[in-house]
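A look at the structure
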Amino acid sequence: MTRVYAAERTWQRELRYYSFGHYLRERFPFKVHKIALHAGFTCPNRDGHRGSGGCTFCANETFSPYARGTATLPIKEQVRSSKEFLRSRYGAEKFIVYFQAFSNTYADIETLRSRYSEAMDDEDVVGLSIGTRPDCVSDEALELIGSYTGTHHVWIEYGLQSIHDETLRRINRCHTYQEFEDAVYRTRAVGGINVCAHVILGLPGEDRSDMMATASKLSGLGIDGIKLHHLYVARNTALEKEFLLGKVKTTGMEEYVSLVSDFLERLSPDITVQRLVGDTHGDDLVSPVWPVSKAEVVRAITAELCRRDSCQGAQIVP
Ligand code: SF4
């Protein structure tokens, strides 16, 4: 039976899930936006250090604004130009610098220190968010990242995608679920660092119950945030080859909306949802091609939760 929370928090009335916008408004008296950066790191699953060939879906170039081409703008310049854009477009006042492209703890400690510092050396930067792999974060790196928590709002975003090792093998992640849990516990031990997990719904070989098991497991792990996206096939990836051979299928929009709604119902209402749907440039996208914008998919998820008279966490049994 569905248990619906009393409509006591703004997000429960407005969106039915704990959006990152609500989370930020609860913490900051000004408008905060994220600035996505490409800091010139690579990834141990792409350069052969951990695995080879990368995750089958990996198309980092397609979702990072600065990862296209070979020339990388200096970090300071990326921050400056993004601030200008976000100010004029959205009225943003303060910023969280987000090291997005590839694995942003994959370097020696002095390189990490210098790149993080360069991005944070701006009076309008109030936060730091670092995207990386769970098998790629040393205790030394965690200590460094933890040292910023006194002055900045700090996140680490671990790419997980699924709690099922069989799935992780299938998509060539080259790490296990246990390594993710270990990274979460080591991060927690430092104190003050918020943890976000990235999950993909619709991965090959997974059915609805596998995905719901991921929701329940992460919900119980005490993470602080989650980013969801649908499996999409981008050009020039190993996944594209599998897709063209008919070995991989993608989901329709209605099915995805239903999956996300089920997932959110199993997720603790204390976990902020930083993303609900993936995004890629039109020219790079092979499948699925949905006839609606990303914003419309997000609205459809809220509409589905309203239709169910439900919200994030509604299916968690106390
Ligand atoms: S861990 Fe990230 S950057 Fe590395 S291969 Fe996988 S998706 Fe690409």
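These lines cover the structure that appears in this document, whether it is placed above or below. (Residues numbered from 1 in each chain as written. Predicted model: local features only at pLDDT ≥ 70, side-chain atom pairs only at ≥ 80, totals over all residues. Heavy atoms only, no water.)

1. A look at the pattern of salt bridges
- Evaluation of the coordinates by the stated rule reveals 27 salt bridges.
- With a closest N to O distance of 3.2 Å, Arg113 and Glu110 form a salt bridge. Of this pair, Arg113 and Glu110 both sit in helix H5 (residues 109–120), three residues apart, which is roughly one turn of the helix.
- You can call Glu110 partly exposed: its relative accessible area is 45%.
- Asp262 is the salt-bridge partner of Arg208, the closest N and O atoms lying 2.4 Å from each other. Of this pair, Arg208 sits in helix H9 (residues 208–221) while Asp262 is found in helix H11 (residues 253–265), placing the two residues 54 residues apart along the sequence.
- By sharing partners, the salt bridges in this structure join Arg208, Asp262, Glu265, Glu304, Arg307 and Arg308 into a single network. (Salt bridge = Lys/Arg side-chain N within 4 Å of Asp/Glu carboxyl O. Helix = DSSP H or I, 4+ residues; strand = E, 2+ residues; numbered from the N terminus. Buried < 20%, exposed > 50% of the residue type's maximum accessible area, 1.4 Å probe, protein only.)

2. Observations regarding the environment of Ser268
- Counting through the fold element by element, Ser268 comes out in the loop between H11 and strand S8 (272–275).
- When its relative accessible area of 13% is taken as the criterion, Ser268 is described as buried.
- Considered as a pair, Ser268 and Gly225 are 43 residues apart in the sequence and their alpha carbons are 10.0 Å apart.
- Not counting residues up to four positions away in its chain, the partners in contact with Ser268 are Ser219, Gln312 and Ile316. (Contact = heavy atoms within 4.5 Å.)

3. Here's the deal with the sheet that holds strand S6 (residues 225–230)
- Taken in spatial order, the seven strands line up as S1-S2-S3-S4-S5-S6-S8 in an open sheet, and their pairing is parallel. Strands with a single pairing partner mark the edges of an open sheet, and in this sheet they are strand S1 (32–37) and S8. For this sheet, the mean inter-axis angle between neighbouring strands, taken without regard to orientation, is 25°.
- Relative to strand S2 (residues 94–99), S1 runs parallel, the two sharing six bridges. In the strand pairing of S2, Ala36 is matched with Tyr98.
- Running at roughly 175° to strand S5 (residues 194–201), H9 makes contact with strand S4 (153–161), S5 and S6 of the sheet. (Pairing = 2+ DSSP bridges. Axes fitted to C-alpha atoms, helices over the stretch in contact; angles between N-to-C directions.)

4. Here we look at the pairing of S6
- Summarising burial for S6: six of the six residues are buried, a large majority.
- Residues Gly225, Lys227 and His229 line one face of S6 and the alternating positions Ile226, Leu228 and His230 line the opposite face, and both faces are buried.
- Pairing analysis gives six bridges linking S5 to S6, with the strands arranged parallel. Its bridge partner lying in S6, Cys196 is registered against Gly225.
- In this fold, S5 hands off to H9, which returns the chain to S6; that crossover is right-handed.
- Pairing of S6 with S8 involves three bridges; the strand directions are parallel. Pairing of Ile226 across the sheet is with Val273, part of S8. (Right-handed = clockwise from strand over helix to strand, strands pointing away.)

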